[in-house]
Amino acid sequence: MSRIVQKFGGTSVKDPEHIGKVAEIVAETYSQNKQVVVVVSAMGHGTDELIDLALKVDENPEPRELDVLLATGEQVSIAMLSIALRSMGLKARSFTGPQAGILTDETHGFARIKTVHPSRIESSLRRGEIPVVAGFQGMNGNSELTTLGRGGSDTTAVALAAALKAECCDIYTDVDAVYTTDPRTVESARKLGVISYEEMLALANSGAQVLNARSVELAMNNSVPIRLRSTFAPENTGTLVTTKDIAPEHNVCGVACDASRVWVRIAISQSFNAQESVGDFADNFSKQEDAVQHLLSTLISLGIDKEIISLKRANGINASWLEFHCEKRILRDVQSVLAGSTNQLPDLDYRIDTGLALVSLVGAGIDRDYLISDNLAQVLRKNAIPILMQTQQVLRSSILIPGAFKEQAVKLVHEVFCSTTAEAYSKLSKLELEAEKLALARAEEATGSTSAGLMFVAELGAMTDPIVSESNELDYHVETEARR
Ligand code: ADP
Ligand code: ASP
Ligand code: MG
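Keep in mind it's a predicted model, so treat the numbers as computed, not measured. One numbering rule holds for all chains: residues counted from 1, following each sequence as written. Lettering for chains starts from A, numbering for ligands starts from 1, and both go in the order in which the items are written. A pLDDT threshold of at least 70 governs which residues receive local features in this predicted model, and a stricter bar of 80 or more applies before side-chain atom pairs are shown or counted, although totals over entire chains, interfaces and linings include all residues.

Observations concerning the site of ligand 1
For the record, the criterion: In this analysis a residue is considered near a molecule or strand if the C-beta atom, reconstructed from its backbone, is found within 6 Å of that molecule or strand. Residue type decides the class: Asp, Glu, Lys and Arg count as charged, Ala, Val, Leu, Ile, Met, Phe, Trp, Tyr, Cys and Pro as nonpolar, and the leftover types, Gly among them, as polar.
The environment of ligand 1 is made up of 19 residues, and the closest members are G9, T173, Y179, D182 and V210. Residue classes in the shell around ligand 1 are distributed as six nonpolar, ten polar and three charged.

Okay, structure coming up:
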């Protein structure tokens, strides 16, 4: 008998009527002679409300107690849905995360699932029941309740699907597919029928809340197909998240925005002591090097991607500084690392700005076509959107901007790279790449030297200016063709 995991998010179970609708979807799947395991989130904005409640008592609540509090949200949902299913004559049984065998590491508030022991769920399925499991929670090695971080019910669902060898993990939510960007921000966002784990992971890591990044990572590592679909239009097939060989490779697959980014700028040493002897300078410099290395590795251990830490040095004067952007979740940790570094780095000074937006363009083409990143920056620059930092990670190119510009930036970037002319853009950038390869080959042929060829490419890149405010890719297309 085939087995499926179905997960329903907060809006899908926001009130008794919605819970009734979810029960119908579950009952319909069960009637097709399938074993169904259900995972649910807290009702509506239940988790936000519980957080607000805790903050009324203490602005920095104890993480262990906060987890105990937050875990109650999902417990309400499992009981409610089980009651609804039982009222329809179905044998449903609720399970908390620990009862379902979800075992995590020790981290309160952002625990990682280490393993799943689903024996109670297996027994429940053997009895012909529909197990209803609380998402977002587990138990650590000390038998303490933990929560998995915001949006973590997706991860519970995928972890269970992997452990139970389910054929698929269906994530039901309030949109009917993964789109090229949040359809609530950009009306012209396009549905993606199939997307690879890699591209979906890059989108999720860039702030596309539609799927939790850890759930995608887990699905990729365990080859669990995810289907993203709507609770309100369950007949739609939605988006399949799957392996590269099934999913088409998009040059650019979407735009995501993380609207609560933190920007950290650290001056490590700003002073130039003209009286310092060469020996003292060398000694101080190597001590500082060690301290900077230590600072960098501590920041990386907090989860800041080393790819996006920019370390700058001004040669000749004893000045160096670094900057990066990070999630708000780790802000306190970053602050305490910096406060603790002043012993080794006495000149250290820093500034932290919150509420910045990181707009990311995602797609397999980003890694192979550097012009996409250049063009991304140009789109914003030409529209007078200040660029604070530009960073590049696997499959994504991101620009940090002041939060006030986020909607405008997402709309512009989407319009240029992902709208209905996106296919045109993909074609264009491929054409352009071809043109460059040809140029490089010709230059190498003519000069017999690789570096001259590279210079030629750089020139060609500098000439390339496909982005205009009123983006007209077709004009550009003609221009590219003409240049070839
Ligand atoms: P749930 O409570 O069901 O887990 P979420 O709010 O976590 O739902 O995720 C669904 C939301 O994700 C949508 O309502 C939509 O606004 C947002 N979203 C962001 N980016 C995208 C995208 N690329 N495609 C679809 N939805 C997106
Ligand atoms: N209820 C949790 C949250 O709001 C987990 C989830 O919805 O996935 O973040
Ligand atoms: Mg979610």
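After presenting the structure, the write-up continues.
A few points about the sheet that holds strand β9 (residues 168-173)
Here is the rule: The rule for pairing is simple: two strands pair if DSSP sees at least two bridges between them. Helix numbers and strand numbers start at the N terminus; a helix is a DSSP run of H or I with at least 4 residues, a strand a run of E with at least 2. Fitted lines through C-alpha atoms give the axes, limited to the stretch in contact for helices. The angle between two N-to-C directions lies from 0 to 180 degrees. A pair of residues counts as a contact when their C-beta atoms, built from backbone coordinates, are separated by no more than 7 Å.
Judged by pairing direction, the sheet is mixed, and its eight strands sit side by side in the order β3-β6-β2-β1-β9-β13-β14-β12 without closing on themselves. Sheet topology places β3 (92-95) and β12 (194-196) at the edges, where each strand pairs with a single neighbour. Within this sheet the neighbouring strands show an average axis-to-axis angle of 20 degrees, counted without direction. Judged from the three bridges that link them, strand β2 (residues 35-40) and strand β6 (residues 130-134) form a sheet pairing that is parallel. Of the residues in β6, the one forming a bridge with V40 is A134. Contacting β12 and β14 (239-242), helix α6 (residues 197-205) runs over the sheet at an angle of about 85 degrees to β12.

Considerations on the environment of T146
Definition in use: Exposure classes come from backbone-placed C-beta atoms, where a residue is buried if 20 or more other C-beta atoms lie within 10 Å of its own, exposed if 12 or fewer do, and partly exposed in between.
For T146, the position within the fold is in strand β8 (residues 145-147). The exposure class assigned to T146 is buried, which follows from the 32 C-beta atoms found within 10 Å. Leave out the neighbours within four places in its chain, and T146 touches D67, T104, T107, H108, A111, Q137, G138, M139 and N140.

A closer look at the nonpolar core
Rules: The term nonpolar core refers to a group of buried residues, namely Ala, Val, Leu, Ile, Met, Phe, Trp, Tyr and Cys, whose C-beta atoms join them within 7 Å.
In terms of nonpolar packing, the biggest core is built from 120 residues, with L81, L160 and V413 touching the most fellow members. Beyond its immediate chain neighbours, meaning those up to four positions away, V413 contacts V255, V359, L361, L376 and V379.

With respect to the site of ligand 2
Contacts to ligand 2 come from 13 residues, most closely from S41, T47, F136, R150 and S153. For the shell around ligand 2, a count of residues per class yields two nonpolar, nine polar and two charged.

Some details on helix α1 (residues 16-31)
For the record, the criterion: Each residue after the first adds 1.5 Å to the expected span of a helix.
Across its 16 residues, α1 extends 22 Å between first and last C-alpha, which sits within 8% of the 22 Å expected from 1.5 Å per residue. Buried-residue contacts for α1 involve β1 (3-8), β2, α3 (63-87) and β6. Of the residues trailing α1, N33 is marked for its positive phi of about 65 degrees.

Re the packing of α1 against α3
Relative orientation and spacing of two packed helices are given, respectively, by the angle between their axes and the distance between those axes. Rules: Roughly parallel means an angle under 35 degrees; roughly antiparallel, over 145; roughly perpendicular, 65 to 115; everything else is oblique. Should the near helix be turned counterclockwise from the far one by less than a right angle, the crossing is left-handed, whereas a clockwise turn marks it as right-handed.
Packing of α1 against α3 brings their axes to within 9 Å, and their N-to-C directions diverge by 60 degrees. Classed by the angle they form, the pair α1 and α3 counts as oblique. Considering the relative orientation of α1 and α3, their crossing is right-handed. On α3, the residues that touch I19, G20, V22, A23, V26 and A27 of α1 are M80, L81, A84 and L85.

Details of the environment of C169
Inspection of the secondary structure puts C169 in strand β9. Each C-alpha atom, one on C169 and one on V224, is 6.9 Å from the other, the two residues being 55 residues apart in sequence. Filtering out sequence-adjacent residues up to four positions away, C169 remains in contact with V5, K7, A157, V158, A161, A219, V224 and I226.

Spatial relationships are all this shows, so hold off on functional conclusions.
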